[in-house]
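Architecture at a glance
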Amino acid sequence: MSLELRRPDDWHVHLRDGAMLWAVLPATARTFARAIVMPNLRPPVASVDAALAYRSRILEALPEGIRFEPLMTAYLTDDLDPDELAKGFTQDVFRAAKLYPANATTNSAAGVSDLSKISSVLSCMESIDMPLLIHGEVTDPDVDVFDREALFIERHLKPLRQRHPRLRIVLEHITTEESAIYIRDAYQSGDERIAATITPHHLHLNRNAMFVGGLRSDFYCLPVVKRECHRRALVKAATSGLPCFFLGTDSAPHPRSGKESACGCAGIFNALHALESYAAIFEQEGALEYLEGFASEHGPRFYGLPLNTDTITLARRDQRVPSRLVPPASICCGDDALPDGELPLLFHAGETLAWTVEVNS
Ligand code: NCD
Ligand code: ZN
């Protein structure tokens, strides 16, 4: 048995830079035609020139013969000039702008310290219909880490949407029942200007995963995985067929030394088997007929981009997931190559997945 799907896109991915970019890009580009590329490099991608340079580095690292379009994003800071953002958007360099509340996650120290500081930027985005991508967590250290997303909706997202009712928003990598219900209700009440992405790992894992047999930093990401009832709510949302939910892997590779550390980095690298991982969930739910909408249609419609016309095949054939990424020899980037020991561990390492992507040329 096999499924032929319109080629999907990834609406939230970390491609990194330098040797890590060369190592991980083929995994995304093999399956996905386009991807919204996160700007949380060091230094962050906060100007049109920086985005153009980063896009060139991505295209340079692309294996020959593979078509892939990186869609660039701007990293919002307290003092980003709205004209710079508008220039990037009208020139089709920036497809969206990313709001990291300062210190919410990896490389977010330069993020926004207070939403009131960027009100002119948000008004500008609202007027030019530029999507705002939100890492939705409050950063107040007094708030329990498992409550940060749900509180963000109440404290920041609802007031923000009242101040900017025309702003197009993606609440990224949602992890809670509260977010799933908030987005669904907005859609069902006729508001098509807000949507959410859902990652494969938040569909598969609950918070127990981080503590099975010891402390497991490989299952640590932000927003952190939550209780089983939240995972269930996300599965229901992703497989509902509603256009307000779409695929965004949040694939976030870190060198091994960054994960295996006394203060391990947040991020799960899932790019290599992302579609197979989503397919497993849709199959379990008896909802495979909704996979194409989630993976290949809802995202481009939200962003106002054409649907891909080529296809991929998901064959119902077992594959065992190796533990580490093995980059093809052809993509080695000279002296700068990542030592083998630093290659990121794969999500689903050691498991057998029931689907295998075949790329149709
Ligand atoms: C991301 C990273 O490593 O850049 N980490 C993560 O856990 N998702 C940052 C982010 O998307 O929050
Ligand atoms: Zn991310």
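Attention here is on the structure that accompanies the text.

Reading guide: rules and limits
Residues numbered from 1 in each chain as written. Chains lettered and ligands numbered in written order. Predicted model: local features only at pLDDT ≥ 70, side-chain atom pairs only at ≥ 80, totals over all residues. Heavy atoms only, no water. Salt bridge = Lys/Arg side-chain N within 4 Å of Asp/Glu carboxyl O. Helix = DSSP H or I, 4+ residues; strand = E, 2+ residues; numbered from the N terminus. Buried < 20%, exposed > 50% of the residue type's maximum accessible area, 1.4 Å probe, protein only. Donors = N, O, S within 2.8 Å, 3.2 Å for Na, K, Ca; no water. Tetrahedral: all angles 85-135°; square planar, octahedral: opposite > 155°, others 65-115°. Near = heavy atom within 4 Å. Polar contact = N/O pair within 3.5 Å; in protein donor to acceptor, adjacent residues only side chain to side chain. Areas by Shrake-Rupley, 256 points an atom, 1.4 Å probe, with all protein chains shown as cover. Nonpolar A, V, L, I, M, F, W, Y, C, P; charged D, E, K, R; others polar. Phe/Tyr/Trp six-rings, centres within 6.5 Å; stacked < 30°, edge-to-face > 60°. Lys NZ or Arg CZ within 6 Å of the ring centre and 35° of its normal.

The next subject is the pattern of salt bridges. Per the counting criterion, the structure on display carries 21 salt bridges. The shortest N-O distance in the salt bridge between Asp310 and Arg67 comes to 3.8 Å. Within this pair, whereas Asp310 is found in the loop between helix 11 (291–303) and strand 10 (311–315), its partner Arg67 is found in the loop between helix 2 (48–60) and strand 4 (69–75), the two being separated by 243 residues in sequence. Its relative accessible area of 62% is what places Arg67 among the exposed residues. The salt bridge partner of Arg256 is Glu260, with a shortest N-O separation of 2.7 Å. Connected through shared salt-bridge partners, Arg6, Glu297 and Arg301 make up one network.

This next bit is on the coordination of the zinc ion (ligand 2). Coordination of the zinc ion (ligand 2) by the protein involves His12 (NE2), His14 (NE2) and Asp250 (OD), with metal-donor separations of 2.0 Å. If you look at the zinc ion (ligand 2), its 4 donor atoms make angles of 91 to 143 degrees with each other, and the shape they trace is irregular. Along the chain, the residues donating to the zinc ion (ligand 2) are arranged with the sequence spacing H-x1-H-x235-D. When sorted by exposure, His12 lands in the same class as His14, which is buried.

A few words on the site of ligand 1. Neighbouring ligand 1 are 15 residues; Arg16, Asn40, Thr105, Leu222 and Asp250 lie closest to it. Between an oxygen atom of ligand 1 and a side-chain N or O atom of Arg16, the distance comes to 2.8 Å. For ligand 1, an oxygen atom lies 3.1 Å from a polar atom in the backbone of Ala266. For ligand 1, whose unbound accessible area comes to 320 Å², protein coverage reaches 100%. Partitioned by chemical class, the residues of the shell around ligand 1 number 4 nonpolar, 9 polar and 2 charged.

A separate point is the packing of aromatic side chains. As enumerated under the stated definition, the model contains 8 aromatic pairs in all. Centroid distance Phe246 to Phe302: 5.8 Å. Interplanar angle 45 degrees. Geometry classified as tilted. With Phe246 in strand 9 (residues 245–247) and Phe302 in helix 11, this pair connects stretches of sequence that are 56 residues apart. Residue Phe246 is classed as buried on the basis of its relative accessible area of 0%. A centroid spacing of 6.0 Å and a plane angle of 75 degrees characterise the contact between Phe302 and Tyr303, whose relative ring orientation is edge-to-face. No difference in accessibility class separates Phe302 from Tyr303, as the two residues are buried. Three or more aromatic residues joined by ring pairs make a cluster, and in this case those are Trp11, Phe246, Phe302 and Tyr303. The lysine or arginine in question, Arg316, covers the ring of Trp355, its NZ or CZ lying 5.4 Å from the ring centre.

That is the geometry; function is a separate question.
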